[in-house]
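Chain residues, written in single-letter form:
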Amino acid sequence: MSVLTFAANQHRLLTSAKAPWPGVRLLELDAGVLEDISGGSVVIKGEPTAEAVLCSEDRTYALKIVETTNSLLLVPPAQLTARADEENTTGNVSPAPAFQTQAVKSGAARHPITAFPAEASHLEMVQIAPRLQRLDALLQASSYGEEDVDPEGGDALMSDKVTYTFDELVNQVQASPAEVRQALQERHAVELDGAWRTVDKAYMHSLLETALFLSVQQGWSHDALPQADLLEGLQANGHDARLVLHFLSVYGHQQAEGIWKLDNQKVCRVFAETLLQSKPKWAEAEFLEAWQNSVPQDMAPDIEMLRGMAIQHDTGSQKMLKLFDVHQLPADPAARFRAAFQEQPQWTLLALQPYIEDLQACFAPCTVCTCTHPCVSLVHCLS
């Protein structure tokens, strides 16, 4: 937005009038968002209990009201055009078409300029992390589980759960389409009959256990599972083929056409979570032994795999492990920190990082905070 300027020796009478556009606010934005707005690819989303946000194709912005202390005057484009024509003729001032004016001098002039006072505040856009709480609630309510399986054919049943297409999710979630799609991938959602659904963790674990049993029974290597044979075996156990392929994409990698390799870390974490849920606390040495005995023989668990799943307490005589899953913590940054420091009063940067790195809007300040004070407390991080 350029500024209407006057030459040092030029006098112009500036008159005021009531703005013909009551209720209009100025919006400060960058060139990229302006291009999106011009292309009609932005939308403002609001909720009864949340502030409105503006979403482009790939980013989310909070709309903040900024109070203006200086007087801001607006000049209609028609007057600017007339002034530009006059100055092109006289050569006094080069034309500067704009919607914002700063009157530096007033006085007699051939053609007075009528300016309209703007609101005392304008809107400012601040990029924020997508607000995905609504997405999680919708996906949780429509999660696919054992109750959705047809016991006769193994196909997914059309249950009475309310499900949502991608466009319906985008319309209800305060996030951009790209951010919603990324969130669906991170939550391992699957599209079934046009609707996006997460899969119940217990159901995914049952698929894994059956696949591991079949691999032992058939002598398959976990590094080379045959897709066609595995599909046949799991379908015979009552599982939908689409869910089997989804399971393979979550816990494995496709090595070649029709050949899959199970991911060592992802499989080991499943067994670790089961063990951690079985007891409130584990002695670290005891846990590592039980963990090694529970995983498939050709897989190697490592304590680094517990990052973001368990926390370690040093009691002096021995180290203890306790389940503390980042995926069960609040998405709101302040609530996340409160939950973390309720669990334990002090954290090192290395221990805290897995529990805050997904908080895009606050991660940088938190990193600075924790690097400055390697042993941080709740007061430090929320002040």
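Our subject is the structure listed above.
Cut-offs applied
Residues numbered from 1 in each chain as written. Predicted model: local features only at pLDDT ≥ 70, side-chain atom pairs only at ≥ 80, totals over all residues. Heavy atoms only, no water. Helix = DSSP H or I, 4+ residues; strand = E, 2+ residues; numbered from the N terminus. Polar contact = N/O pair within 3.5 Å; in protein donor to acceptor, adjacent residues only side chain to side chain. Contact = heavy atoms within 4.5 Å. Pairing = 2+ DSSP bridges. Buried < 20%, exposed > 50% of the residue type's maximum accessible area, 1.4 Å probe, protein only. Arc of directions from axis to C-beta. Phe/Tyr/Trp six-rings, centres within 6.5 Å; stacked < 30°, edge-to-face > 60°. Core = buried A, V, L, I, M, F, W, Y, C linked by side-chain atoms within 4.5 Å. Axes fitted to C-alpha atoms, helices over the stretch in contact; angles between N-to-C directions. Parallel < 35°, antiparallel > 145°, perpendicular 65-115°, else oblique. Left-handed = near helix turned anticlockwise from the far one by under 90°. Salt bridge = Lys/Arg side-chain N within 4 Å of Asp/Glu carboxyl O.

**Observations regarding the side chain of S143**
Here S143 shows up in the loop between α3 (133–141) and α4 (166–172). Of note is the side chain of S143, whose polar atom sits 3.3 Å from the backbone nitrogen of D200. When sequence neighbours within four positions are dropped, the list of residues in contact with S143 reads D148, K161, R197, T198, V199 and D200.

**Overview of the pairing of strand β10 (residues 121–128)**
Where strand β3 (residues 27–28) and β10 come together, 2 bridges link them in parallel fashion. Bridge assignment links L27 to a residue of β10, and that residue is L123. Sheet topology places strand β6 (residues 60–67) next to β10; 8 bridges connect them, and they run antiparallel. Paired with V66 across the bridge in β10 is H122.

**A few points about helix α10 (residues 284–294)**
Within α10, the full set of buried residues consists of E284, F287 and W291. Mapping the buried residues of α10 onto a view down its axis gives an arc of 60 degrees, with all of them on the same face. Across from the buried face of α10, at angles greater than 90 degrees, the exposed residues are A285, E289 and N293. Packing partners of the buried residues in α10 comprise α9 (264–278), β16 (282–283), β17 (310–314) and β18 (319–323).

**Points about the packing of aromatic side chains**
All told, the structure shown has 8 aromatic pairs when counted by the stated rule. Aromatic side chains Y144 and Y203 sit 5.5 Å apart centroid to centroid with 70 degrees between the ring planes, which places their arrangement in the edge-to-face category. Separated by 59 residues along the polypeptide, Y144 in the loop between α3 and α4 and Y203 in helix α6 (residues 201–218) bring together distant segments of the chain. Neither residue differs from the other here; Y144 and Y203 are each classed as buried. Here F337 and F341 contribute two aromatic rings whose centre-to-centre distance is 6.4 Å and whose plane-to-plane angle is 15 degrees, an arrangement assigned as stacked. Taken together, the residues F337 and F341, both in helix α11 (residues 333–343) and 4 residues apart, mark about one turn of the helix.

**Some points on the nonpolar core**
Of all hydrophobic cores here, the largest spans 42 residues; its most connected members are L230, F247, L262, F287, W291 and L306. Those elements giving two or more residues to this core turn out to be β11 (190–192), α6, α7 (227–236), α8 (241–251), β15 (259–262), α9 and α10. With residues near it in sequence (within four places) discarded, L306 still touches R269, A272, F287, W291 and L321. Listed in part, the 15 residues of the second largest apolar core include L139, Y164, A175 and L184.

**Details of the sheet that holds β17**
Strand order in the open sheet formed by 3 strands is β16-β18-β17, and the pairing between neighbours is antiparallel. Two strands lie at the open edges of the sheet, namely β16 and β17, each paired on one side alone. Judged from the 5 bridges that link them, β17 and β18 form a sheet pairing that is antiparallel. The residue bridging A310 from the neighbouring strand is L323, located in β18.

**Details of the packing of α9 against α10**
Across the interface, α9 lies against α10 with an axial gap of 10 Å and an inter-helix angle of 130 degrees. By the angle between their axes, α9 is oblique relative to α10. Considering the relative orientation of α9 and α10, their crossing is right-handed. Across the interface between the two elements, C268, F271, A272, L275 and L276 of α9 pack against F287, A290, W291 and S294 of α10.

**Section: the environment of Q185**
Examined against the element boundaries, Q185 turns out to sit in helix α5 (residues 177–186). Judged by relative accessible area, which is 57%, Q185 ranks as exposed. Once the C-alpha coordinates of Q185 and V250 are considered, the two residues, 65 residues apart in sequence, prove to be 9.8 Å apart.

**Here's the deal with the pattern of salt bridges**
One pass over the full model with this rule turns up 15 salt bridges. One salt bridge in this structure joins E286 and K279, with 3.3 Å as the shortest N-O distance. For E286, a relative accessible area of 39% gives the class partly exposed. Residue K279 is classed as partly exposed on the basis of its relative accessible area, which comes to 29%. Where R336 meets D358, a salt bridge forms, and the shortest distance between an N and an O atom there is 2.9 Å. Pair noted here: R336 is in helix α11 and D358 is in the loop between α12 (349–352) and α13 (363–372), with a separation of 22 residues, a long-range link. Several salt bridges share partner residues, and in doing so they unite E147, D148, K161 and R197 into one network.

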